Amino acid sequence: MNYNFREIEAKWQKYWANNETFKASNNSDRPKFYALSMFPYPSGAGLHVGHPLGYIATDIYARYKRHKGFNVLHPMGYDSFGLPAEQYAIQTGQHPAITTETNIKRYREQLDQLGFSFDWSREVRTSDPKYYKWTQWVFIQLFNSWYNKKSDKAEAIADLVSIFEREGNAAVEATSDDDTPTFSAEDWTSFSEKTKQELLLKYRLTYLADTEVNWCPALGTVLANDEIVNGVSERGGHLVIRKKMTQWSMRITAYAQRLLDGLDTIDWPLPLKDSQTNWIGRSEGASAIFNVIPNKGEESQHQIEVFTTRPDTIFGASFMTLAPEHDLVAQITTPEQKEAVETYVEATAKRSERDRMADVKTISGAFTGAYAEHPFTKEPVPIWIGDYVLAGYGTGAVMSVPCGDQRDYDFAKHFNIPIPNIFEGIDISEEAFADKEKTIIANSDFLDGLPYKKAVKRAIFELEQLGQGEGKINYRLRDAVFSRQRYWGEPFPVYYVDGMPQMIADEHLPLELPEVEKYLPTETGEPPLGNATVWAWDIKQSSVVSNQLIDNKTVFPLELNTMPGWAGSSQYFNRYMDPHNDEAIYSKEAIDYWEDVDLYIGGSEHATGHLLYSRFWQKFLFDVGIAPKDEFAKKLINQGMITGTSAFVIRLVVNITKKWEEGKPLDNRTIAQIKPIDRNTFISNDLITVPIKIRAVRENISHLFSDEDRVYLDKEKYNINFNDIELIHTDVSFVNASDELDIEGFKKWQPEYKDAKFIKSDGKYIVRREIEKMSKSKYNVVNPDAICEEYGADSLRLYEMFLGPLEQSKPWNTAGITGVHSFLKKLWKLYTTIDEGSEPSAENLKTLHKTIKKVEEDIENFSFNTSVSTFMICVNELTAQKCTSKAILEPLAILVSPYAPHIAEELWEKLGYSTSIAEASFPKFEEKYLIESSKEYPISFNGKMRFTMELPLDMGKDDIEAAVMANERTQAQLQGRTPKKVIVVPGKIVNIVG
RNA sequence: GCCUCGGUGGCGGAAUUGGUAGACGCGCCGGAUUCAAAAUCCGGUUCUGCAAGGAGUGUGGGUUCGAUUCCCACCCGAGGUACCA
């Protein structure tokens with residue numbers, strides 16, 4: 001009987017579903033193992049071959065751990081809130097819930113087809129009200145908490161209120177807004193309820209604040225930096241302005257240090273840790289206060305606070321630079337400089353932040369006319385503004401030390417500002433000197449002669465003495481904006497009384513998304529929820545009621561923003577532990593049993609989004625006693641991206657220009673006469689690369705033009721330029737393994753190519769190929785369905801692993817799949833006759849145990865590609881040995897089962913078992929079968945292997961040397977020379993030097 | 001610029017602590033089987049050379065009896081990040 005994978009795979013997928021083979025129990029005597037893949041966003045395009053890569057790896061590991069006797073939790077779900085469904089809704093009016101449901105169905109079919117050992121009874125969907133009830137609940141917990149720096153953890157806001165009542169806020173050390181005023185207990189009790197609420201918002205871990213955003217009035221929405229191109233929206237090219245908006249923020253900055261420290265306790269890839277470290281961006285330095293010298297006739301005394309990592313260079317500060325948006329700019333600018341400054345500020349406002357950051361070459365700025373007093377020298381220091389200083393970072397102001405910072409140096413050079421040298425023995429005529437190690441400070445009063453570290457300490461000390469500064473640790477990390485002006489996200493459980501946010505009580509959650517007519521922002525610029533007519537909170541009934549009932553006495557308006565994409569994914573890994581619990585986010589028993597994720601596999605693109613926010617939420621949940629671990633995943637692996645091999649047809653852009661005739665300049669009529677470019681001719685890629693062939697094309701192209709056009713091919717009169725080509729993506733399904741285009745298929749593909757003409761080479765049209773990210777818009781997506789249909793899921797699983805190391809990105813190429821498929825056929829054949837009683841030969845046992853050892857090591861090291869090779873070698877050897885012994889074939893089936901579970905189950909059944917192979921024990925490796933008595937010694941000369949010699953393994957060093965020297969091939973190599981030295985490493989190698 | 005990862009046959013890749021470079025698979029070449037094809041099986045396949053031999057893991061150095069592996073400098077590619085003070 002042949003290997004009928006279609007029948008086998010369908011049979012076992014059904015069996016696993018019916019028997020709930022992979023259902024995990026929340027209590028077990030066996031040790032627990034939690035294996036998790038990052039859950040997908042169910043897009044309309046379905047799964048492509050890149051998605052399953054990580055899932056297969058996790059699945060292999062999960063199945064392996066089951067064989068090893070673990071109680072394995074291996075769940076899957078959907079990150080089902082998101083923008084694509086909403087955009088589709090805007091275009092078609094279709095409710096996002098409906099498209100999402102359809103997409104999930106398709107994902108489920110595709111996932112089921114691949115034979116994953118998921119416990120589907122635990123599926124979660126972030127857009128399910130039963131799930132987002134708990135997302136809202138966590139939000140409320142954050143709202144009801146503040147960060148106590150003394151205990152270094154989150155605490156209840158009620159406790160903070162009692163501190164305020166007792167002693168005011170002077171002694172409170174909390175992470176709070178910068179503008180938090182100091183107040184006494186008496187002040188607090190005298191404050192109105194609204195003032196109290198306002199003050200508490202400055203402490204809450206989620207709070208309302210005015211945040212600067214990229215607002216696009218035409219789209220009625222906020223755009224991300226990468227949605228803006230050249231100052232206008234990527235979609236539609238509309239104007240984008242920077243605007244302050246009141247939005248929910250998460251006080252993640254409270255956790256900056258702990259997020260940094262926690263990285264040392266988890267086994268995550270170094271690049272990922274590095275990018276989180278950079279994102280948090282801790283820098284040690286000092287803050288320094290510069291007093292602004294009042295302009296003539298002014299009374300006011302302004303101060304500028306700067307943060308610097310180099311307080312040791314303070315005597316080198318020859319100017320200050322403020323961000324153009326800095327609050328003081330308007331106040332300190334002198335009348336003479338007003339125009340220049342305003343022009344510059346205006347110009348800066350038009351540039352996106354990304355623009356300003358990316359452009360290192362253009363140096364621009366303006367002088368405010370004002371001066372600050374240097375804290376130590378008391379000399380006046382000119383105050384400039386420059387767009388290289390960002391308002392959002394630090395204090396939005398820097399003390400500029402041109403001799404020690406290249407950007408300051410370039411700025412000073414450009415504007416002819418003096419560059420005082422404060423480094424001993426350093427030439428700064430060409431560039432700034434930023435090497436801290438070699439620094440010896442000079443021309444700096446009390447800092448003279450000090451090295452970097454000592455100078456920093458001393459400078460901070462002196463600043464503190466003056467009362468004009470202190471040592472400070474600064475973080476680049478910003479509080480995370482948590483509001484989105486979208487429909488398809490979690491509603492905030494928030495209503496407003498007198499403009500102050502109030503939380504809906506836990507027992508009334510979830511607050512479900514309202515129905516709306518349109519998914520666009522309202523005409524007045526409110527988020528889509530502003531379209532809802534039943535979206536007000538009745539505190540008496542504790543329910544959502546019509547907006548018309550809003551009286552601000554018992555019925556209040558609800559929040560119109562929704563939560564961002566990362567809200568739902570920030571605690572889903574915990575929810576899987578107890579996914580159907582309606583009483584709590586999860587039971588204590590469940591999380592005390594599963595604790596944390598043992599293995600988490602997913603893409604590195606989530607390094608600073610999902611993975612940083614999740615760690616933040618986990619630490620918070622830990623602080624408030626809801627999670628037992630303050631890191632949620634012990635080990636994390638980033639699977640590499642599977643890239644696509646895009647195919648391009650090359651459109652000739654034939655520029656035809658009339659040759660200039662002497663004495664007759666081209667008039668407009670002649671230019672108009674020049675024929676437009678031929679837009680419909682495609683040239684084979686191999687012709688493009690060779691200039692000589694281009695000429696051949698030029699001579700052979702005339703037949704492609706109509707008679708009318710042919711005149712333009714007259715070389716005497718016209719210049720024809722073939723150099724311009726356009727690459728156009730074509731669907732990879734029209735291209736075969738030799739890069740040859742199916743011309744008829746291409747012509748039918750899209751109407752504009754119906755009459756396309758092709759310049760072929762040897763009768764073929766060859767496409768250009770390039771490796772790119774796999775994406776629908778690049779027409780390079782390869783779908784797993786077709787591969788499953790043709791070769792089966794087991795082949796696909798093996799092949800995805802066989803492609804290369806898990807972490808590395810690699811291009812998809814279906815060509816090699818026949819290799820793993822024929823391996824499965826050979827494996828199948830091996831089980832044609834199973835000999836119950838036959839004793840395995842020594843050879844059989846050696847092959848088997850070699851394989852057990854290697855495969856076990858490979859799985860533990862996540863080196864799945866090499867185990868596939870090992871299986872191939874094993875099956876090749878056993879086939880050659882004509883092995884039929886059950887004692888060999890049975891453990892082999894278990895070894896293969898994590899990788900190719902369907903065929904393994906079927907073989908298991910053939911071996912006489914009536915239960916699933918999933919729980920069978922992993923075979924035990926026994927060294928004794930691998931012990932050899934002799935070894936093929938490589939005999940090398942000066943490190944180069946020349947031949948091998950079989951010698952007993954128990955032979956001593958001297959005997960080996962004697963045997964090797966006596967060999968005639970040794971003598972032939974030496975050609976009469978006497979070796980200088982003979983290195984013998986018993987069991988390894990012989991090296992003859994000389 | 002900085003950080004991280006990578007560079008090995010025609011291709012994907014292998015090489016456990018420094019010890020036989022190119023396992024395994026694809027492709028290609030040759031052969032068997034077949035009326036033919038598919039499928040299957042056998043042999044070959046880093047380069048150079050008729051061969052003996054020689055060269056060879058991005059480049060140049062170094063350490064070592066011996067380097068894909070360790071060290072130094074550089075080149076190239078990918079990803080991330082940024083006037084971060």
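The structure presented is a predicted model; accordingly, all values stated were derived computationally and were not measured. (Residues numbered from 1 in each chain as written. Chains lettered and ligands numbered in written order. Predicted model: local features only at pLDDT ≥ 70, side-chain atom pairs only at ≥ 80, totals over all residues. Heavy atoms only, no water.)

1. Some words on the overall build of chain A
Quick reminder of the rule: Strands are runs of DSSP state E lasting at least two residues, helices are runs of H or I lasting at least four, and both sets are numbered from the N terminus onward. Throughout this description, buried means an accessible area under 20% of the type-specific maximum (1.4 Å probe, protein chains only), exposed means over 50%, and partly exposed covers the range between. Computed with a 1.4 Å probe, the accessible areas rest on the Shrake-Rupley method; for each residue, only the protein chains presented here act as cover.
Counting secondary structure elements, chain A contains 33 helices and 36 strands. Expressed as a percentage of its 994 residues, the buried residues of chain A come to 52%. Surface summary for chain A: the accessible area is close to 46,400 Å², and the carbon and sulfur share equals 49%.

2. A look at the side chain of Lys-619
Note the cut-off: Every residue pair with non-hydrogen atoms within 4.5 Å of one another is taken to be in contact.
By the element assignment, Lys-619 lies in helix 19 (residues 610-623). Accessibility expressed as a relative area gives 1% for Lys-619, which makes it buried. Setting aside chain neighbours within four positions, we find Lys-619 in contact with Tyr-255, Arg-258, Leu-259, Gly-262, Asp-630 and Glu-631.

3. So, the confidence of the model for chain A
Which entries qualify depends on this criterion: pLDDT is a per-residue confidence score from the predictor, ranging from 0 to 100.
In this model, chain A carries an average pLDDT of 83, and 88% of its residues clear a pLDDT of 70 or more. In this model, residues 660-677 is a region of pLDDT below 50 whose contacts with residues beyond four sequence positions or in other chains number 15 contacts. Low pLDDT (under 50) marks residues 708-713, which in the prediction has 16 contacts with non-local residues, meaning those over four places away or in another chain.

4. Here we look at the environment of Glu-836
Spelled out, the test is: Side-chain atoms alone can form a polar contact between residues adjacent in sequence; in general such a contact is a pair of N or O atoms within 3.5 Å, and within protein one must be able to donate a hydrogen while the other accepts it.
Structurally, Glu-836 can be placed in the loop between helix 27 (817-830) and helix 28 (842-860). On the accessibility criterion, Glu-836 (60% relative accessible area) is exposed. Glu-836 sits 51 residues away from Ala-887 along the chain, and the two C-alpha atoms are 7.8 Å apart. Engagement of the side chain of Glu-836 in a polar contact is seen with the side chain of Lys-886, the distance being 3.1 Å.

5. Some points on the state of the cysteines
We count it as follows: What counts as a disulfide here is a pair of cysteine sulfur atoms lying within 2.5 Å.
Per the counting criterion, the structure on display carries zero disulfides. Summary of cysteine pairing: Cys-883 is not part of a disulfide, and the nearest cysteine sulfur, belonging to Cys-874, is at 8.7 Å.

6. Side note on the side chain of His-326
Mapping His-326 onto the fold places it in the loop between strand 12 (319-322) and helix 11 (329-332). For His-326, a relative accessible area of 16% puts it in the buried group. Beyond its immediate sequence surroundings of up to four residues, His-326 is in contact with Thr-395, Gly-396 and Ala-397.

7. Points about the sheet that holds strand 35 (residues 981-985)
What counts here: Strands are treated as partners if at least two bridges between them are detected by DSSP. Axes here refer to lines fitted to C-alpha atoms; in helices the fit is confined to the stretch in contact. Angles between the N-to-C directions go from 0 to 180 degrees.
Strands sit in the order 34-33-36-35 across an open sheet of four strands; the sheet is mixed. Since the sheet does not close on itself, it has two edges, and those belong to strand 34 (944-952) and strand 35, each with one partner. Across this sheet, the average inter-strand angle for adjacent strands is 20 degrees, counted without regard to direction. As defined by bridge partners, strand 33 (residues 934-941) adjoins strand 34 across eight bridges and the pair is classed as antiparallel. Along strand 34, the bridge assignment pairs Glu-936 with Glu-950.

8. Re a nonpolar patch on the surface
For clarity, the cut-off: Patch membership requires more than 30% relative accessible area and the absence of a salt bridge. Residues of like charge join within 9 Å; the nonpolar side chains Val, Leu, Ile, Met, Phe, Trp and Tyr join within 5 Å. Take a side-chain nitrogen of Lys or Arg and a carboxyl oxygen of Asp or Glu: if they are within 4 Å of each other, that pair is a salt bridge.
Nonpolar side chains collect at one region of the surface, where Ile-983, Val-985 and Ile-989 lie side by side and expose about 190 Å² of accessible area between them. With respect to the helices, strands and loops of the structure, Ile-983 is situated in strand 35. The exposure class assigned to Ile-983 is partly exposed, which follows from its relative accessible area of 35%.

9. Brief notes about the packing of helix 1 (residues 5-19) against helix 31 (residues 901-910)
Rules: In this scheme, roughly parallel covers angles under 35 degrees and roughly antiparallel covers those over 145, while 65 to 115 is roughly perpendicular and the rest are oblique. Classification convention: Asp, Glu, Lys, Arg as charged; Ala, Val, Leu, Ile, Met, Phe, Trp, Tyr, Cys, Pro as nonpolar; all other residues, Gly among them, as polar.
Helix 31 packs onto helix 1 with a crossing angle of 85 degrees between their chain directions and a minimal axis gap of 9 Å. Judged by the inter-axis angle, helix 1 sits roughly perpendicular to helix 31. Along its contact with helix 1, which presents Ile-8, Glu-9, Lys-11, Trp-12, Gln-13 and Trp-16, the element helix 31 presents Pro-901, His-902, Ile-903, Glu-905, Glu-906 and Glu-909. Residue classes in the contact of helix 1 with helix 31 are distributed as five nonpolar, two polar and five charged.

10. Examining the nonpolar core
The condition that has to hold: To qualify as a nonpolar core, a set must consist of buried Ala, Val, Leu, Ile, Met, Phe, Trp, Tyr and Cys residues joined through side-chain atoms within 4.5 Å.
In this structure, Phe-139, Trp-248, Phe-482 and Tyr-600 are the most contacted members of the largest nonpolar core, which totals 174 residues. Here the element with the most residues in this core is helix 5 (residues 129-143); it accounts for nine residues. Among all residues touching Tyr-600, those that are not within four sequence positions of it are Leu-36, Ser-37, Met-38, Tyr-572, His-610, Leu-611, Phe-632, Ala-633, Lys-635, Leu-636 and Ile-637.

11. Some points on the environment of Glu-346
With respect to the element layout, Glu-346 can be found in helix 12 (residues 338-350). C-alpha separation for the pair Glu-346 and Pro-324, spaced 22 residues apart in sequence, amounts to 8.8 Å.

12. A short note on the pairing of strand 12
Consecutive side chains of a regular strand alternate in pointing toward one face of the sheet and then the other. Burial along strand 12 is two-sided: the residues Phe-319 and Thr-321 and Met-320 and Leu-322 are all buried. As judged from the four bridges shared by strand 12 and strand 15 (residues 397-400), these two strands associate in the antiparallel manner. Along strand 15, the bridge assignment pairs Met-320 with Met-399. Note: strand 12 against strand 14 (residues 380-385), three bridges, orientation parallel. Its bridge partner being in strand 14, Met-320 is matched across the sheet by Ile-383.

13. A word on the sheet that holds strand 20 (residues 536-538)
In spatial order, the strands read 21-20-22; together these three strands make up an open sheet with antiparallel pairing. On the outer flanks of this sheet lie strand 21 (543-545) and strand 22 (555-557), each paired with one strand and no other. For this sheet, the mean angle separating the axes of adjacent strands, direction not counted, is 40 degrees. With three bridges joining them, strand 20 and strand 22 adopt antiparallel strand pairing. Note on strand 22: the bridge partner recorded for Ala-536 is Pro-557.

14. Let's talk about the packing of aromatic side chains
The description of an aromatic ring pair uses the distance of the two centres, along with the angle that the planes make with each other. In plain terms, the rule: Between 30 and 60 degrees the pair is tilted, below 30 it is stacked and above 60 it is edge-to-face, where a pair is any two Phe, Tyr or Trp rings, Trp via its six-membered ring, whose centres lie within 6.5 Å. A positively charged side chain is recorded as over a ring if its NZ (Lys) or CZ (Arg) lies within 6 Å of the ring centre. The angle to the ring normal must also be within 35 degrees.
A complete count under the given rule lists 58 aromatic pairs for this structure. Aromatic pair Trp-188 and Phe-191: ring centres 6.3 Å apart, planes at 80 degrees, arrangement edge-to-face. Among the residues examined, Trp-188 registers a relative accessible area of 1% and is labelled buried. Taking the centre distance of 5.6 Å and the plane angle of 75 degrees together, the rings of Phe-367 and Tyr-371 count as edge-to-face. In this structure Phe-367 comes out as buried when scored by relative accessible area, which is 19%. Above the plane of the ring of Trp-16 lies Arg-63, whose end atom (NZ or CZ) is 4.8 Å from the centre.

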